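# Understanding the architecture of this molecule
Chain by chain, the residues run as shown.
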Amino acid sequence: MKFYSTKTESVKASLEEAIFNSLPKDNGLYMPESFPKISEDFLADIENRSFKEIAVEVANTLFEGEITRSELENMIDTAYDFNAPVVQIAPDDYVLELFHGPSMAFKDFGARFMAAIMSYFLLRSDKKIKILVATSGDTGGAVAQGFYKVPGIDITILYPSGKVSDIQEKQLTTLGHNVTAIEVDGTFDDCQKLVKEAFLDDELKNKFNLASANSINIARLIPQSFYFFSAYAQLKNLGKPLVFSVPSGNFGNLSAGLLAYKMGLPVHHFIAATNLNNAVPRYLASGSYEPSPSIETISNAMDVGNPSNFVRLTRFFNDDWESVTKKIYGAYFDDDQTRKAMREARTNANYVMCPHTATAYLGLKEFREKVGGDFTGIFLSTAHPAKFIDLVEETLGEKIEIPQRLESLLDIEKVSIKMKADFLSFKNLLLSEL
Ligand SMILES: *Cc1c(COP(=O)(O)O)cnc(C)c1O
């Protein structure tokens, strides 16, 4: 499969180039040149396949001729010792739990496959690479875990100081070895901008083989399509059209859903659910895209004012706004609504959810009220509620259980480098070899 740049269609890259360049030189984003269809036969009995079998089939459909099926099986076997179960919470409503991986957020699905495919390519060369990643909370933990001690790869994580939860911070600042955490005095957008600038800086590019592990990297996006297929497999026998509600920040998750759809997954509708960082719902309503500075909310991993995958989102529809609105419904919610939804789900369905998940729950509810129809609704649960334990306990007025894996982190001391949100400081830090 080849990839093109959203800025210049004639700029093409192989899979390996797209993964290691992360961004095309023209500052666009890589997009698949075509969308190979998953085989009809496979879809016909997908309900009998495991998560790993589905992942292998999707990956093989995309990478046929470039990576052998047995190599893909190895990668998927290494990457995933967890899966994505669907849990019913109302007669027609289900939650797709994506938090059963090591960092307990859905980003494990992308980060772990990415680590596997990068080390596959690196093992065939002597290259060493440096991965730069900006995190609004969960990417850092997933990437740190996914790449921890992977030979030939160094990780530098930038996160906004004071704007991630304690557990999230511990997940990125306590591993050490090939993982360095930089605590930026600024917002997630500032962190993201620093990473983008580093990729456009010739001196840094020449000194290091820089790669990105943000969802701008196609290697993270692609594996996130696996669980949309897996959700379909688990709910197919209900025989109703599927509506996916996706809690969104940078819109990598929703873009992965669109990739699955383009590959032939039957999806009736997607819901783009956000907090007050609502550039995409506003675009869906008006047709004009007006990013704005990010606003702090309780669903902090979605505090993104200018989502980096917006360009991809529209490109799936040839940038035609009307087509986008036929497939994607936009909705956004403030913190009070989000907290109320968390309490409602606890009372009505005995289900404890994190604030991000709650926005997707609300998006589905709004879609049922305003659009309606007979369908199976699935909202994605992007993180385990215990990752946001203070907020969840305060909102529900009760103690919740904290998995051992997270609890043991709290006693380890964090190690981070503090930095201003300024490109020169960042560059000097990198050049001084950290
Ligand atoms: C990253 C994240 C999101 C947003 O996902 P995008 O792919 O950036 O839209 C939502 N919820 C949680 C818990 C996250 O960590």
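Notes on the structure follow. Keep in mind it's a predicted model, so treat the numbers as computed, not measured.

## Some details on empty space enclosed by the protein
Within the structure shown, the criterion is met by two cavities of 30 Å³ or more. Counted as a void, the largest cavity has a volume near 250 Å³. Along its surface, the largest cavity is lined by 25 residues, and Phe 106, Lys 107, Gly 249, Asn 250 and Ala 301 are the ones closest to its centre. Every element with two or more residues in the lining of the largest cavity is listed here: α6 (138-147) and α12 (252-262). Lining the second largest cavity are Ala 134, Gln 192, Val 195, Lys 196, Asn 214, Ile 216 and Ser 308.

## Details of the pattern of salt bridges
Note that side chains of opposite charge can pair when their charged atoms are close. Taken as a whole, this structure holds 24 salt bridges when the rule is applied. For Glu 9, the salt bridge is made with Arg 315, and the minimal N-O distance between the two is 3.5 Å. With Glu 9 in the loop between β1 (3-5) and β2 (12-13) and Arg 315 in helix α14 (residues 310-315), this pair connects stretches of sequence that are 306 residues apart. Arg 315 sits in the buried class, given a relative accessible area of 13%. Close ionic contact of Asp 45 with Arg 49 constitutes a salt bridge, the shortest N to O distance being 3.3 Å. Its relative accessible area of 32% is what places Arg 49 among the partly exposed residues. Among the charged side chains, a network of salt bridges with common partners joins Glu 9, Arg 315 and Asp 319.

## Let's talk about the sheet that holds strand β7 (residues 153-160)
Strands belonging to one sheet form pairs held by backbone hydrogen bonds; the direction of such a pair is parallel or antiparallel. If you walk across this open sheet you meet the five strands as β9-β6-β7-β8-β14, and the pairing is parallel. What marks the edges here is a single partner per strand, and that holds for β9 (210-212) and β14 (417-420). Each strand axis lies, on average, 30° off the axis of its neighbour in the sheet, ignoring direction.

## Thoughts on the side chain of Thr 395
Looking at the element boundaries, Thr 395 is found in helix α18 (residues 389-396). Within polar-contact distance, the side chain of Thr 395 engages the backbone oxygen of Leu 391 at 2.7 Å. The residues contacting Thr 395, other than those within four sequence positions of it, are Arg 339, Met 342 and Arg 343.

## Some points on the side chain of Thr 314
If you trace the backbone, Thr 314 turns up in helix α14. With near-sequence residues (within four places) excluded, Thr 314 lies in contact with Tyr 283, Asp 319, Asp 320 and Val 324.

## With respect to the site of the ligand
Close to the ligand lie 15 residues, the nearest being Lys 107, Asp 138, Gly 249, Asn 250 and Phe 251. A distance of 2.5 Å separates an oxygen atom of the ligand from a polar side-chain atom of Asp 138. In the model, an oxygen atom of the ligand is placed 2.8 Å from a nitrogen or oxygen of the Phe 251 main chain. For the ligand, the accessible surface in isolation is 380 Å², of which the surrounding protein chains cover 98%.

## Comments concerning a nonpolar patch on the surface
A cluster of nonpolar side chains, namely Leu 276, Ile 295 and Tyr 332, defines an oily patch on the protein surface of about 260 Å² accessible area. Relative to the helices and strands, Leu 276 is located in the loop between β11 (269-274) and α13 (279-286).

## As for the packing of helix α3 (residues 51-63) against helix α11 (residues 226-235)
For the pair α3 and α11, interaxial distance at closest approach is 9 Å and the crossing angle is 130°. The pairing of α3 with α11 is recorded here as oblique in orientation. As for the relative orientation of α3 and α11, their crossing is right-handed in sense. Facing α3, whose interface residues are Phe 51, Ile 54, Ala 55, Val 58 and Ala 59, α11 presents Phe 226, Tyr 227, Phe 229, Ser 230 and Ala 233.

## Quick notes on the pairing of strand β6 (residues 129-134)
Burial analysis of β6 places six of its six residues in the buried class, which makes it a mostly covered element. Side-chain alternation along β6 places Ile 129, Ile 131 and Val 133 on one buried face and Lys 130, Leu 132 and Ala 134 on a second face that is also buried. As defined by bridge partners, β6 adjoins β7 across six bridges and the pair is classed as parallel. Paired with Ile 131 across the two strands is Ile 155, which belongs to β7. Traced from β6 through α6 to β7, the parallel crossover comes out right-handed. Both β6 and β9 contribute to a ladder of three bridges, which runs parallel. When the bridges of β9 are listed, Leu 132 appears paired with Ser 212.

## Some thoughts on the packing of helix α5 (residues 107-123) against α6
Direction vectors running N to C along α5 and α6 enclose 35°, while the axes themselves pass 8 Å from each other. Once α5 is placed against α6, the crossing between them reads as right-handed. Residue-level inspection shows Lys 107, Asp 108, Ala 111, Arg 112, Met 114, Ala 115 and Met 118 of α5 in contact with α6, the latter providing Asp 138, Thr 139, Ala 142, Val 143, Gln 145, Gly 146 and Phe 147. Residues belonging to the contact of α5 with α6 are distributed by class as follows: seven nonpolar, three polar and four charged.

What counts and what doesn't
Residues numbered from 1 in each chain as written. Predicted model: local features only at pLDDT ≥ 70, side-chain atom pairs only at ≥ 80, totals over all residues. Heavy atoms only, no water. 1 Å grid on protein atoms, 1.4 Å probe; cavity = no way out; pocket = protein on both sides within 12 Å on 5 of 7 lines; lining within 4 Å. Points joined across faces, edges and corners; volume = space filled by probe spheres on them. Helix = DSSP H or I, 4+ residues; strand = E, 2+ residues; numbered from the N terminus. Salt bridge = Lys/Arg side-chain N within 4 Å of Asp/Glu carboxyl O. Buried < 20%, exposed > 50% of the residue type's maximum accessible area, 1.4 Å probe, protein only. Pairing = 2+ DSSP bridges. Axes fitted to C-alpha atoms, helices over the stretch in contact; angles between N-to-C directions. Polar contact = N/O pair within 3.5 Å; in protein donor to acceptor, adjacent residues only side chain to side chain. Contact = heavy atoms within 4.5 Å. Near = heavy atom within 4 Å. Areas by Shrake-Rupley, 256 points an atom, 1.4 Å probe, with all protein chains shown as cover. Patch = residues over 30% accessible without salt bridge, like charges linked within 9 Å, V, L, I, M, F, W, Y side chains within 5 Å. Parallel < 35°, antiparallel > 145°, perpendicular 65-115°, else oblique. Left-handed = near helix turned anticlockwise from the far one by under 90°. Right-handed = clockwise from strand over helix to strand, strands pointing away. Nonpolar A, V, L, I, M, F, W, Y, C, P; charged D, E, K, R; others polar.

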